[in-house]
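Coordinate inspection notes
The primary structure of each chain is shown beneath.
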There are 2 protein chains.
Amino acid sequence: MTLKDLARELGVSTATVSNAFNRPDQLSPALRERILGEARRLGYRGPDAKARSLRTGRSRIIAVILAESLTYSLNDAVASELLSGVAEVLDAQGHTLLLLSARQMQSELPGAASMADGYIVYGLMPSQSLLETLPTQAPLVAVDFDVTGRPSIHVDDEHACYTIARHALRRATRRPGIINLRLTAEACNGPIAPDQRLLSAEQTITRSRLTGFYRALDEAGHDPAAVPMWNIEENTFEVCAPVIEPILDLPDDKRPDLLLCVSDRIALTALTLAEDRGLRIPEDLRLTGFDGIAEGQYRAPRLTTVRQDSVEKGRMAARMILGLTPPASSLLSTELLIGDSCP
Amino acid sequence: MTLKDLARELGVSTATVSNAFNRPDQLSPALRERILGEARRLGYRGPDAKARSLRTGRSRIIAVILAESLTYSLNDAVASELLSGVAEVLDAQGHTLLLLSARQMQSELPGAASMADGYIVYGLMPSQSLLETLPTQAPLVAVDFDVTGRPSIHVDDEHACYTIARHALRRATRRPGIINLRLTAEACNGPIAPDQRLLSAEQTITRSRLTGFYRALDEAGHDPAAVPMWNIEENTFEVCAPVIEPILDLPDDKRPDLLLCVSDRIALTALTLAEDRGLRIPEDLRLTGFDGIAEGQYRAPRLTTVRQDSVEKGRMAARMILGLTPPASSLLSTELLIGDSCP
DNA sequence: CTGAAAGCGCTTACAG
DNA sequence: CTGAAAGCGCTTACAG
């Protein structure tokens, strides 16, 4: 049953039926009621979305492209919050959310991806070729990295990390250490060698976080270049644990007494592993995170961290993509949460 | 730039260009190469997905309809795992995932939802009217509830809960209690009164879980009808906590010494709150969960629970929707994980 | 307020 | 192996 069938059935033109569904002001309320009533009676569920999208050029679909695999992103609290924010705005505007992973679109867009009316790209900077496969006219917003000529949404990573490190360094600290995430140009899950090449601040947010840590360390009289650093490839317990275990297993006089972690996931993994080993938190080891996820706050000891509002990031991106807000890069502020892991 | 433009440019018919992209066997490799090369050169990115979907009737989009809000589902470990499994299969088949919430489609399908080639409906049974708005010819798979005439995917909830309760009741238990989820017909966040109406096993999986608990309780010499029960409306810390706090705050001789919880989230909330109160686990209170989420296993004390493979549930649903597997209801088995919360 | 007609960009039998 | 043509189901200026 198509719109045309319905029009024939009712003895009106297809334009009138279309207007009944899309432009109530274009026909009399009485006629509109008759058309809608008859449609219901005959089981016509309204204009076909595929045909409508071809005709109007708009699909009412917004795609979110996640840098990581969907499996990772869906299980990551921060990415999930971002998606919540996006979904909230899209729902309210009658749009729907298509989920894509940059991992699966190395060469070409899968099936329906090119149908989207706009793209929100989240996480690490994807390859240039991926960005080129996207329709050029479609709006695009980058979240947590930059694409030249396109608006991007960030939190104040550097300032946040400066603030939390300064807080941590108020207490006497002998051996600070930094655990990074996706910071090195080449894959590296373990200690970062001094000569290792790092991604730029445009490519990864953790570079700015490191800059913030360095500024606070420098001010506190530590030589940043002498502070040991580790890198983690994926923000999960399984990938974090093998990097963190050897750190915690160092002898008492070598083990860091402060670990500045660029994510809550890293800090929580360190916390769990430290507890397993009977280390006292914060006496033997102080830990800071980043993100402010629930899991770090609804536990004892509570995590000292920086809260970023990922839901709001998602909302902003969605509003921009839908044109509710003019496209413009913006920087959200964060909030220091002082918990028990680093009082 | 359209397929037609490209055909004109090359001096071939549109059919040939279409075949170059879709049916390599229908033209000579040389011509195909020329067409694809020229397309790249001229910036033609391949056939338009909207037009193709209208023409072929298939969009290569599969919709997952989540009973709960997207915000909740995206932050729930179990739902996220299911989505991972779905996404994994869809990706491999060149399909994409559209995310919908039953909450937002009470009356009508939003924008592009009707475009999907198939529907995976997850969680609580949605209203009949919602199911009626879906295209009748499109395949549909229900996960964790039943829709008459459609295949459904379940885990062996009853057997799993019988098993874990039997394990727990091996130790002397004076005052068992059960904390349920979305079990009552009317909203209820607190104690369940004896006369309260419960949802049926077709509507909510927790009814089958309760049946399993009851069987083990009965076998262990407890009168199930005398076991106190609570219901929780949403599987989050914030909603669980106000129900659990009063339970833990009961005097020592009234407080349950075993809490059978129908989800890990509930059990973990109880665990955290019990730790806050200085209760010893498992000496003062034993706790069991359901799901086997990472958060319950990567902590001390480790949660005693039943692991269900939600990723596999998602994969099965996706395979069925894509026709890789014949549509048939199935029941996945679970695994008892004995942790420290109820040794 | 209503209707006839063009056309969105493709794919696919079908004829050659 | 290639091409001319129909048509997927709509929406939208435009004419009346």
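Small disclaimer: the values here were computed from a predicted structure and weren't measured. Once a new chain begins, its residue numbering starts again from 1 and follows that chain's sequence as written. Each chain gets a letter, beginning with A, and each ligand a number, beginning with 1, in the order they are written. Predicted model: local features are reported for residues with pLDDT of at least 70 only, side-chain atom pairs are reported and counted for 80 or more only, and whole-chain, interface and lining totals are derived from all residues. The side-chain values count all of the structure's non-hydrogen atoms but skip hydrogen atoms and water molecules.

1. Remarks on the overall build of chain A
Cut-off, in case you're wondering: Helix and strand assignments come from DSSP, with helices taken as H or I runs of at least 4 residues and strands as E runs of at least 2, each series counted from the N terminus. For the radius of gyration, the atoms used are the C-alpha atoms, and the globule rule reads 2.2 Å times the number of residues raised to 0.38. Buried means the residue's accessible area, taken with a 1.4 Å probe over protein chains only, is under 20% of the maximum for its type, while exposed means over 50%, and partly exposed covers the values in between. To be clear on the numbers: accessible area is Shrake-Rupley with a 1.4 Å probe, and residue cover counts the displayed protein chains and nothing else. This count recognises Lys and Arg as positive and Asp and Glu as negative, with His and chain-terminal groups excluded. A charged residue contributes its charge at one atom only: NZ of Lys, CZ of Arg, CG of Asp or CD of Glu.
The helix and strand tally for chain A stands at 13 helices and 13 strands. In terms of C-alpha radius of gyration, chain A reaches 25 Å, well past the compact-globule figure of 20 Å for 343 residues. Referenced to the eigenvectors of the C-alpha coordinate spread, the extents of chain A come out at roughly 90 × 40 × 30 Å. For chain A, the proportion of its 343 residues judged to be buried stands at 56%. Roughly 14300 Å² of accessible area belongs to chain A as shown, and the carbon and sulfur atoms make up 48% of that amount. Positive and negative charge centroids in chain A, built from 37 and 44 side chains respectively, lie 7 Å apart.

2. Things to note about the side chain of H154 of chain B
Residue and element names in this part refer to chain B. So the rule is basically this: Pairing of N or O atoms within 3.5 Å defines a polar contact, subject to two protein rules: one partner must be a possible hydrogen donor and the other a possible acceptor, and residues neighboring in sequence count only if both atoms are side-chain atoms. We call two residues in contact when some of their heavy atoms are within 4.5 Å.
Looking at the element boundaries, H154 is found in strand β5 (residues 152–155). By relative accessible area, which is 12% here, H154 ends up buried. Only 3.1 Å separates the side chain of H154 from the side chain of D146, close enough to count as a polar contact. Here H154 is in contact with D144, F145, D146, I205, S330, L331 and L332, once residues within four sequence places are set aside.

3. Things to note about the protein's contact with DNA strand D
Keep this limit in mind: Any residue with a heavy atom lying within 4 Å of a molecule or strand is counted as near it. Put simply, Ala, Val, Leu, Ile, Met, Phe, Trp, Tyr, Cys and Pro go in the nonpolar bin, Asp, Glu, Lys and Arg in the charged bin, and everything else, Gly too, in the polar bin.
Neighbouring DNA strand D are 26 residues; L3, S18, N22 and R55 of chain A together with R55 of chain B lie closest to it. For DNA strand D, the backbone makes up 63% of the atoms found within 4 Å of the protein, where backbone means sugar plus phosphate. Residue R52 of chain A places a side-chain N or O atom 3.1 Å away from a phosphate oxygen belonging to DNA strand D. Within the contact set of DNA strand D, a phosphate oxygen lies 3.3 Å away from a backbone nitrogen or oxygen of S13 of chain B. Put simply, the parts of the chain that give the surface near DNA strand D at least two residues each are α2 (14–22) and α4 (49–56) of chain A together with α2 (14–22) and α4 (49–56) of chain B. Partitioning the surface near DNA strand D into residue classes produces 10 nonpolar, 10 polar and 6 charged.

4. Overview of the relation of the copies chain B and chain A
Condition: A residue counts toward the fit only if its pLDDT is at least 70 in both copies, and the copies are then superposed by least squares on the C-alpha atoms of those residues.
For these two chains of identical sequence, chain B goes onto chain A by a turn of 180° and a shift of 0.0 Å along the axis, with RMSD 0.0 Å. The operation mapping one copy onto its partner corresponds to a two-fold rotation axis. Rotation axis and chain B: the residue whose C-alpha lies nearest the axis is L98 of chain B, separated from it by 2.3 Å. Comparing interface residues between copies, 100% of those in chain B also sit at the interface in chain A, which points to an isologous, same-surface contact.

5. Structural notes on the domain arrangement of chain A
Formally: For each domain, the first and last residues come from an automatic or database assignment.
Segmenting chain A into domains produces domain 1 (3–47), domain 2 (61–154) and domain 3 (157–308 + 333–337). Distance between the C-alpha centres of domain 1 of chain A and domain 3 of chain A: 62 Å.

6. Quick look at the interface of chain B and chain A
Spelled out, the test is: Defined here as a combined quantity, buried area equals the accessible surface (1.4 Å probe) lost by two parts on assembly, summed across both. Any Lys or Arg side-chain nitrogen located within 4 Å of an Asp or Glu carboxyl oxygen qualifies as a salt bridge.
Counting residues at the interface gives 48 residues for chain B, matched by 48 residues for chain A. Both sides together, the interface formed by chain B and chain A hides about 3900 Å², and carbon and sulfur atoms give 62% of it. Of all residues in chain B, the largest losses of buried area upon contact with chain A belong to R45, K50 and Y298 of chain B, amounting jointly to 18% of the total for that side. Joining chain B to chain A, the criterion identifies 0 salt bridges. Taken together, the elements giving at least two residues each to the side of chain B that touches chain A come down to α4, α5 (70–75), α6 (77–92), β2 (96–101), α7 (128–133), α10 (237–248) and α11 (264–276) of chain B. Across the side of chain B that touches chain A, the residue classes tally to 21 nonpolar, 15 polar and 12 charged.

7. With respect to the packing of α4 of chain A against α4 of chain B
For the record, the criterion: Only the contacting stretch of a helix is used when fitting its axis, a line to C-alpha atoms as for every element, and angles between N-to-C directions run 0 to 180 degrees. For a crossing to be left-handed, the near helix must be turned anticlockwise from the far one by less than a right angle; the clockwise case is right-handed.
With their axes 8 Å apart at the nearest point, α4 of chain A and α4 of chain B run at an angle of 145° to one another. Along this stretch, α4 of chain A crosses α4 of chain B, giving a crossing that reads as left-handed. On α4 of chain B, the residues touching K50, A51, S53 and L54 of chain A of α4 of chain A are K50, A51, S53 and L54 of chain B. For the contact of α4 of chain A with α4 of chain B, a count of residues per class yields 4 nonpolar, 2 polar and 2 charged.

8. Notes on the packing of aromatic side chains
So the rule is basically this: A pair of aromatic rings is counted whenever rings of Phe, Tyr or Trp (Trp by its six-membered ring) have centres within 6.5 Å, and the orientation is called stacked for planes under 30 degrees apart, edge-to-face for over 60 and tilted otherwise. Lysine and arginine charges are scored as sitting over a ring when NZ or CZ, respectively, is within 6 Å of the ring centre and within 35 degrees of the ring normal.
Under the defined criterion, the tally for this structure stands at 4 aromatic pairs over all chains. Relative to Y44 of chain A, the ring of F21 of chain A lies with its centre 5.7 Å away and its plane at 70°, an arrangement referred to as edge-to-face. Of this pair, F21 of chain A sits in helix α2 while Y44 of chain A sits in the loop between α3 (29–42) and α4, placing them 23 residues apart in sequence. Both rings, one in F237 of chain A and one in Y298 of chain B, keep their centres 3.9 Å apart while their planes meet at 5°; by these two values the pair is stacked. With F237 of chain A in helix α10 (residues 237–248) and Y298 of chain B in the loop between α12 (294–297) and β11 (305–307), this pair bridges two chains. Judged by its relative accessible area of 15%, F237 of chain A is buried. Taking the relative accessible area as the measure of exposure, Y298 of chain B reaches 31% and is therefore partly exposed. The ring of F290 of chain B is capped by R209 of chain B, whose NZ or CZ atom sits 3.6 Å from the centre of that ring. Here R215 of chain B stacks its cationic end above the ring of Y162 of chain B, 3.9 Å away from the centre of that ring.

9. Some words on the protein's contact with DNA strand C
Neighbouring residues of DNA strand C: 27 residues in total, closest R55 of chain A together with L3, S18, N22 and R55 of chain B. By atom count, sugar and phosphate contribute 64% of the portion of DNA strand C lying within 4 Å of the protein. The contact in question runs from a phosphate oxygen of DNA strand C to an N or O atom on the backbone of S28 of chain A, over 3.5 Å. Note that a phosphate oxygen of DNA strand C is positioned 2.7 Å from one of the side-chain N or O atoms of N22 of chain B. Its residues assigned to classes, the surface near DNA strand C comprises 10 nonpolar, 11 polar and 6 charged.

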